[in-house]
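Next come the chains, spelled out residue by residue.
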Amino acid sequence: MSKLIEVKNLKKHFKVGRNLYLKAVDDVSFYINKGETLGLVGESGCGKTTCGRTILNLYDPTGGEVLYHGRNIYDFARNEMKSYRKDCQIIFQDPYSSLNPRMTVETIIAEGLRVHNMMNTKDARSKVHELLEMVGLNREHANRFPHEFSGGQRQRIGIARSLAVDPKFIVCDEPISALDVSIQAQIVNLLIKLQSELDLTYLFIAHDLSMVKHISDRVGVMYLGSIVEIAKCDELYSKPQHPYTKALLSAVPIPDPEVEENRKRIMLQGDVPSPINVPKGCKFSGRCTIAKDKCFEEVPVLREVDKDHFVSCFIDQ
Ligand code: ADP
Ligand code: MG
C-alpha cells in the first residue's frame, strides 16, 4: 500500500490578537494510504476542519508539510498546485449553505469542470447527468434549484459536485452531521460505494465515533489541535487506550439493549479549554479522571503502543 497523503508536524495558528495566537492545529502528523479512509474524530472546535482545509491548501500552514505522492505540496509550482487542487476535493458539512441557492443543480455540479477548463458545455451536460445518476438522483434534477431538495438529496448534489473533476482524494467534512439520523447511513453507504467504484481516498471528519466505524479503515482522535490516538478502526473501538477516546466511545450508543444497560458511561468533566490558552502538560489533563502529577507538567508524545496504534498518554508509562 502506498501513502497518498502524508501530513507531517502540520500547524495552523490563527492570529487573534496583537500577540495572541489560536493554535487550531498544533503539530499533527498522520498518513492516508491510497484507497483508504481515515476517520478524524473529536469535539467541535478541536481543529478538524482547519486540518482538512490546510491539507487542501485552502489555508496557508503555520508549519509542517503535506506530502502528496511523497512530494511536499507547499513546494509545488503553480500548475502543479492547480492540478493538486483538482485532485483533492471537499464535501461540506452543511448541504444547505454550501449550495448556491441561485444556481441550478447543473451549474453547481459543472462548476469545477468550468474552472478547470475540462470540457465543452455539451460534454459537461452529459457528465452532470452521469454524476446525478451515480449519486442516486436523476437527470431531470439538473435544471432544478437547491431549495427543491431535501437535506439528503442536497448532500448528494454536493457529492456529485466534488466528483465532477475526477478527484483522487476527498475531505468529507462532517458530511452527515446536519442530516437526519435515518438519512445518515444512506449517505455513508453512498460514499463507500463511490470509493470502491472510483478508487477514492477519504479523510472522513466527524464529531462522534458512531458512523465513522462503518466507513473508516483507521481512525484518528483529535483533542485541542492534537491527535491523541490513532489506530486501525477495529483496534480503536475494541482496545481504546487514551482516556479521551474511551470517553468518546462510551457516548456511542450500542444497538443491543442489554449491553447498553450494563455499560459504564464515562462523562467528560468540564469544558474544552480554549485553544488560545492551552493547559500546560497534557492538554487533556484538566478533564482526565486518571491524570497523575506528570500529566500536568509534561507533554506526552504520540508513541506506538501496538502495531500501527499510536497514543499520547503517560498512563502505563
Ligand atoms: P472543528 O472543525 O473541529 O469544529 P475548527 O477547525 O473549525 O474545528 O476550529 C478549530 C479552532 O480554530 C476553533 O477554536 C475555532 O474557533 C478556530 N478557528 C477556526 N477558523 C478560524 C479562523 N478563520 N480564524 C480564527 N480562528 C478560527
Ligand atoms: Mg468543523
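Everything here concerns the structure above.
Remember, it's a predicted structure, so these values are computed and weren't measured experimentally.

(A) Expanded view of the side chain of Ser 285. Looking at the element boundaries, Ser 285 is found in the loop between α10 (257–262) and β11 (303–306). Take Ser 285: its relative accessible area is 4%, and that puts it in the buried class. Sequence-distant contacts of Ser 285, defined by excluding residues within four places in its chain, comprise Lys 280, Ala 291, Cys 295 and Phe 296.

(B) Broad picture of the pattern of salt bridges. Overall, the coordinates contain 15 salt bridges when judged by the stated rule. The shortest N-O distance in the salt bridge between Asp 87 and Lys 86 comes to 3.8 Å. In this pair, the class of Asp 87 matches that of Lys 86, namely buried. Residues participating in the shared-partner salt-bridge network are Lys 232, Lys 307 and Asp 308.

(C) Quick look at the packing of aromatic side chains. As enumerated under the stated definition, the model contains six aromatic pairs in all. The ring centre of Tyr 31 lies 4.0 Å from the NZ or CZ of Arg 218, which sits over that ring.

(D) Looking closely at the sheet that holds strand β10 (residues 226–232). Strand order in this open sheet of eight strands is β6-β7-β8-β3-β9-β10-β12-β11, and the pairing throughout is mixed. At either margin of the open sheet sits one strand with a lone partner, and together these are β6 (88–91) and β11. For this sheet, the mean angle separating the axes of adjacent strands, direction not counted, is 25°. Pairing analysis gives five bridges linking strand β3 (residues 37–41) to strand β8 (residues 201–206), with the strands arranged parallel. Looking at β8, one finds that Leu 38 is bridged to Leu 203. Sheet strands in contact with helix α6 (residues 181–198) are β3, β6, β7 (169–173) and β8, and its direction is about 165° off that of β8.

(E) Quick look at the pairing of β3. Within β3, five of the five residues are buried, leaving the element largely enclosed by the surrounding structure. Note: β3 against strand β9 (residues 218–223), four bridges, orientation parallel. Considered in β9, the bridge of Val 41 is made with Val 221.

The rules behind these values
- Residues numbered from 1 in each chain as written.
- Chains lettered and ligands numbered in written order.
- Predicted model: local features only at pLDDT ≥ 70, side-chain atom pairs only at ≥ 80, totals over all residues.
- Heavy atoms only, no water.
- Helix = DSSP H or I, 4+ residues; strand = E, 2+ residues; numbered from the N terminus.
- Buried < 20%, exposed > 50% of the residue type's maximum accessible area, 1.4 Å probe, protein only.
- Contact = heavy atoms within 4.5 Å.
- Salt bridge = Lys/Arg side-chain N within 4 Å of Asp/Glu carboxyl O.
- Phe/Tyr/Trp six-rings, centres within 6.5 Å; stacked < 30°, edge-to-face > 60°.
- Lys NZ or Arg CZ within 6 Å of the ring centre and 35° of its normal.
- Pairing = 2+ DSSP bridges.
- Axes fitted to C-alpha atoms, helices over the stretch in contact; angles between N-to-C directions.

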